[in-house]
Amino acid sequence: MKLSKLYSNQPNLFQPIIFNQGLNFIYADIRQPKNQQLDSHNLGKTTLARLLDFMFLAKKHREQFLFANEEIFKSFIFFLEIRLATNHYLTIKRGVTDNAKIFFKEHETFHQDYHQLHDEGWSFSPPSFDKAKQYLDGKLNLTAVKHGSYRQIINYLIRTQEDFGQVFQLNKYRGKDSDWKPYMANLLGFNGNLVTQQYQVKKQIADLKTDIKNSSTFNKKNASEALSRVDNDLLIRTKELADIQDFVSKFNFHEIDQKAIEELVASIDKKIVHLNMQEYSLKNSIYHIEQSFVEDKIKFNPQEVQQLFHEANVLFAEQVVKDFEQLIAFNLAITKERNEYLKQELEENKVELSRIQDELKNLNLERAKQLEFLQESELINKFKDSNHQVSEIQSQILYLEQQKKAIEHVLDLQKKQGALESSLVNIKNQIQTDMTKVNNSKDSIFSQIRLYFHEIIMQVLDKNGQISVFLNSEDNFEFKAEYHNKKGIKTDESKGSTYHKFLCIAFDLAVTRTYLGKNFPQFIYIDGVFDALDNRKKQLLLEILRKYADIGIQIIATTINSEVQGLITPLEPSEIILTLHDDGQDGRLFKMPTW
């Protein structure tokens, strides 16, 4: 797979770029060296790399220049023509505004211009952005490296200046090693699937450890002992609960109530009934005695009778009146004597009534005490305590059962952890076996990459280039690219930015050459290819680039005229596919003011 053409729907602002199948230079020409306000590094060389990455369906992010300046680029639609195989091409259409809507068109003729083609004329438009990437992945068919998508290798083949800090780890992979190490292992010919499994198992173990830590407060280092103790407590509490529940179930309220009722009826209640009757009788007697004092008054006036008889001319009227007066006097004498007795009886009745009422009061108090005793008797209190204990023990049992479940859960997690740790050891052994096999094979992909890498560095810098792959202290894959002198001693050149960048260039070239002829991209983008190199080293590197272009690798490299002035053999006009300059906006990649 190679690049064929890049263009837009606004050719006056972004002119089409036709790529050679071999060597391609994006050349920046400094035309006004005395103008200190101009900058040859602000013409669009790196911007082109980011635009190509966008066309290979990089996700939208606000740092991408198209979206950081979306108001400027919102009307742009870009087209990338890719050569898939001989006489077979694929054009990708992607706009800035509706950037998730991707169109594809397959065609047999190269260097087409579809910027005016309506949507209906395109071969396929997937329903989603992820589907578009899947479709492109299938069309590119980059199956030479297993277990990876086309996006992962594109990230290495289109490096920007920020990606030359590390040979193996790109700037975008500053997070988890699991995001890039498995693919790098595959790329170098190792079993990256084992590396993926290793990271997955390690994460599962870490998650289990977190779950175990958060599961309970008991000593998880000896969960088995904790479980035994809980089982012992559960056994005791369950037996206690059974005994108390048995007592409660056999408790006979009827017998207790009946006995108390018989006792009260036989003693206190009988007395109360008897005294109530006496009280009633006394109250009745007192009432009648008091009434008799009122009714015993004689309502007879002898003078009135005498006057009546006189008016009636009754004979012996005076004698009659005299007899009545004597009768009244007799009755008064008798009534007085009777009242004396009644008063005495009344007084005695009142005393007896007061006594009876006091006794009734005392009996009622006694009866209340007996009822209170019935409610608070020792047997009842024991029953109440038993019910309280049932509730308390049930709560304890519930807590112990929950604790048991937590411990059993931890034991289960620890069992899984043990199985995963055993699996991890097995995976490590498989990785080590695979690593030994690949390292020892002279025909392996890794060996070829090593040889090409060393060859490039030796021809340009006259040093040994060494790539080593090993397991670090955590049993994870580790990759190193270093310079060694001819005695095999490591040198410090790789610490410098220029020589470190050259390690990246050599590595990318070596990988691309190793996979030449396989289902793998056959292009590489090198931003600032000659930056800060000695002129003699630049010439040697140019020879390497031309050699690799001749064997079928498409190389797209950016440079400025000040970096190539010392070359013995200058760049060929045919090798320069795009010239940028600092003499006005017409010299920029986008023919517009800088943003």
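Note that the structure is predicted; figures quoted are calculated from it, not measured.

> Quick question: what am I supposed to make of the side chain of lysine 501 here?
Position of lysine 501 among the secondary structure elements: in helix H14 (residues 497-514). For lysine 501, the contacting residues outside a window of four places in its chain are Gln161, Phe164, Asp527, Gly528, Val529 and Asp531.

> Which parts of the structure should I look at to understand the packing of helix H13 (residues 445-461) against H14?
In helix packing, the relevant descriptors are the interaxial angle and the interaxial distance, both defined with respect to the helix axes. One can describe the packing of H13 onto H14 by two numbers: an axis separation of 8 Å at closest approach and a directional angle of 135°. The pairing of H13 with H14 is recorded here as oblique in orientation. In the crossing of H13 with H14, the sense of the turn from one axis to the other is right-handed. In this structure, H13 contributes Ile445, Gln448, Ile449, Tyr452, Phe453, Glu455, Ile456, Ile457, Val460 and Leu461 to the contact, and H14 contributes Tyr499, Phe502, Leu503, Ala506, Phe507, Leu509, Ala510, Val511, Arg513 and Thr514. Here the contact of H13 with H14 is built from residues that sort into 16 nonpolar, 2 polar and 2 charged.

> Is there a simple way to explain helix H15 (residues 535-550) in this structure?
Turn by turn, an α-helix covers 3.6 residues, leaving residues three or four places apart pointing in a common direction. Taking 1.5 Å of rise per residue, 16 residues should cover 22 Å, and H15 covers 23 Å from first to last C-alpha, within 8% of that figure. The complete set of buried residues in H15 reads Lys538, Gln539, Leu541, Leu542, Ile544, Leu545, Arg546, Tyr548 and Ala549. Contact partners of the buried residues in H15: strand E3 (23-29), H13, H14, strand E9 (523-526), strand E10 (554-560) and helix H16 (561-564). Two or three places before arginine 536, at the opening of H15, aspartate 534 has a side-chain oxygen 2.8 Å from that residue's backbone nitrogen. In the stretch just after H15, glycine 552 is the one whose phi turns positive, near 115°.

> Just to check I follow, could you spell out the environment of leucine 241 for this structure?
The residue leucine 241 is located in helix H8 (residues 223-250) in this model. Between the C-alpha atom of leucine 241 and that of valine 390, which follows or precedes it by 149 residues, the distance is 6.1 Å. Once residues lying within four places of it in the same chain are set aside, the contact partners of leucine 241 are Val390, Ile393, Gln394 and Ile397.

> Whenever I open this one, the confidence of the model for the protein confuses me. Can you help?
Residues shown with low pLDDT carry predicted positions that ought not to be read at fine detail. Model confidence for the protein is summarised by a mean pLDDT of 85, while 84% of its residues fall at 70 or above. Contacts of residues 34-41 to residues separated by more than four positions or lying in other chains number 7 contacts, the stretch itself having pLDDT below 50.

> Quick question: what am I supposed to make of the sheet that holds strand E5 (residues 88-95) here?
What links the strands of a sheet is backbone hydrogen bonding, and the strands pair in either a parallel or an antiparallel sense. The 5 strands lie next to each other as E2-E1-E4-E5-E6, forming an open sheet whose pairing is antiparallel. In this open sheet, the two edge strands, each paired with only one partner strand, are strand E2 (17-18) and strand E6 (102-107). Of the strand pairs in this sheet, E5 and E6 are connected by 6 bridges, and their pairing is antiparallel. Residue pairing across strands places arginine 94 opposite isoleucine 102, the latter belonging to E6.

> For this particular structure, what's the right way to read helix H1 (residues 45-55)?
Counting buried positions along H1 yields 9 of 11 residues, so the element is predominantly enclosed. Residues Lys45, Thr46, Thr47, Leu48, Ala49, Leu51, Leu52, Phe54 and Met55 constitute the buried set of H1. Positive phi appears at leucine 57, one or two residues downstream of H1, with a value of about 65°.

> Explain the environment of glutamine 357 here, please?
Residue placement: glutamine 357 occurs in helix H11 (residues 317-375). Note on glutamine 357: relative accessible area 32%, which makes it partly exposed. As for glutamine 357 and asparagine 276, which are separated by 81 residues in sequence, their C-alpha atoms are 8.5 Å apart. Filtering out sequence-adjacent residues up to four positions away, glutamine 357 remains in contact with Glu279 and Lys283.

> Quick question: what am I supposed to make of the pattern of salt bridges here?
Two side chains of opposite charge can pair, provided their charged atoms sit close to one another. Here the structure, examined in full by the defined rule, presents 24 salt bridges. Between glutamate 455 and lysine 547 there is a salt bridge, and its shortest N-O distance comes to 3.6 Å. Of the two residues, glutamate 455 sits in helix H13 while lysine 547 sits in helix H15, which places them 92 residues apart along the sequence. Here lysine 547 falls in the partly exposed class, since its relative accessible area comes to 31%. Close ionic contact of glutamate 563 with lysine 538 constitutes a salt bridge, the shortest N to O distance being 2.8 Å. Highlighted residues: glutamate 563 in helix H16 and lysine 538 in helix H15, separated in sequence by 25 residues. Like lysine 538, glutamate 563 is buried.

> It is not clear to me how the sheet that holds E3 should be interpreted in this structure. Could you clarify?
Strand order in the open sheet formed by 4 strands is E9-E10-E3-E11, with parallel pairing between adjacent strands. With partners counted over all chains shown, the strands left at the sheet margins are E9 and strand E11 (576-581), one partner each. Neighbour-to-neighbour, the strand axes of the sheet open up by a mean angle of 15°, direction not taken into account. Here E9 runs beside E10; their pairing, made up of 4 bridges, is parallel. Following the sheet pairing, isoleucine 526 is matched in E10 by alanine 557. This element, H14, spans E9 and E10 of the sheet and lies at about 170° to E9.

> Is there a simple way to think about the pairing of strand E1 (residues 2-8) in this case?
Working note: regular strand, side chains alternate between the two faces of the sheet. By the criterion of burial, E1 is predominantly enclosed, with 7 of the 7 residues buried. Pairing analysis gives 6 bridges linking E1 to strand E4 (residues 77-85), with the strands arranged antiparallel. Bridging from a neighbouring strand, leucine 6 pairs with leucine 80 of E4.

> Just checking my understanding: could you explain the side chain of lysine 105 for this structure?
Tracing the backbone through its elements, the reader meets lysine 105 in strand E6. Within the local environment of lysine 105, its side chain forms a polar contact with the backbone oxygen of glycine 121, the two atoms lying 3.1 Å apart. Those residues within four positions of lysine 105 in sequence are excluded, and the remaining contacts are Tyr89, Leu90, Thr91, Tyr114, Leu117, Gly121, Trp122 and Ser123.

> For this particular structure, what's the right way to read unusual backbone geometry?
Leaving glycine aside, a negative phi is the common case for residues, and trans is the common case for peptide bonds. Positive phi, normally seen in glycine, also occurs at aspartate 462, with a value near 60°. With respect to the element layout, aspartate 462 can be found in the loop between H13 and strand E7 (464-471). A positive phi angle, close to 65°, is found at aspartate 475, a residue other than glycine. By secondary structure assignment, the location of aspartate 475 is in the loop between E7 and strand E8 (477-484). Under the relative-accessibility criterion, aspartate 475 is labelled partly exposed at 25%.

> How should the packing of aromatic side chains be read in this particular structure?
Think of a pair of aromatic rings as described by two things: how far the centres are apart, and how the planes are tilted against each other in angle. Summed over the entire model, instances satisfying the criterion amount to 27 aromatic pairs. Among the aromatic side chains, those forming a connected cluster through ring pairs are Phe168, Trp180, Phe190, Phe446, Phe477, Phe479 and Phe507. A cation over a ring is seen here: lysine 501 above phenylalanine 164, with NZ or CZ 4.8 Å from the ring centre.

Reading the values: rules and limits
- Residues numbered from 1 in each chain as written.
- Predicted model: local features only at pLDDT ≥ 70, side-chain atom pairs only at ≥ 80, totals over all residues.
- Heavy atoms only, no water.
- Helix = DSSP H or I, 4+ residues; strand = E, 2+ residues; numbered from the N terminus.
- Contact = heavy atoms within 4.5 Å.
- Axes fitted to C-alpha atoms, helices over the stretch in contact; angles between N-to-C directions.
- Parallel < 35°, antiparallel > 145°, perpendicular 65-115°, else oblique.
- Left-handed = near helix turned anticlockwise from the far one by under 90°.
- Nonpolar A, V, L, I, M, F, W, Y, C, P; charged D, E, K, R; others polar.
- Expected span 1.5 Å × (residues − 1).
- Buried < 20%, exposed > 50% of the residue type's maximum accessible area, 1.4 Å probe, protein only.
- Polar contact = N/O pair within 3.5 Å; in protein donor to acceptor, adjacent residues only side chain to side chain.
- pLDDT = per-residue confidence, 0-100.
- Pairing = 2+ DSSP bridges.
- Salt bridge = Lys/Arg side-chain N within 4 Å of Asp/Glu carboxyl O.
- Phe/Tyr/Trp six-rings, centres within 6.5 Å; stacked < 30°, edge-to-face > 60°.
- Lys NZ or Arg CZ within 6 Å of the ring centre and 35° of its normal.

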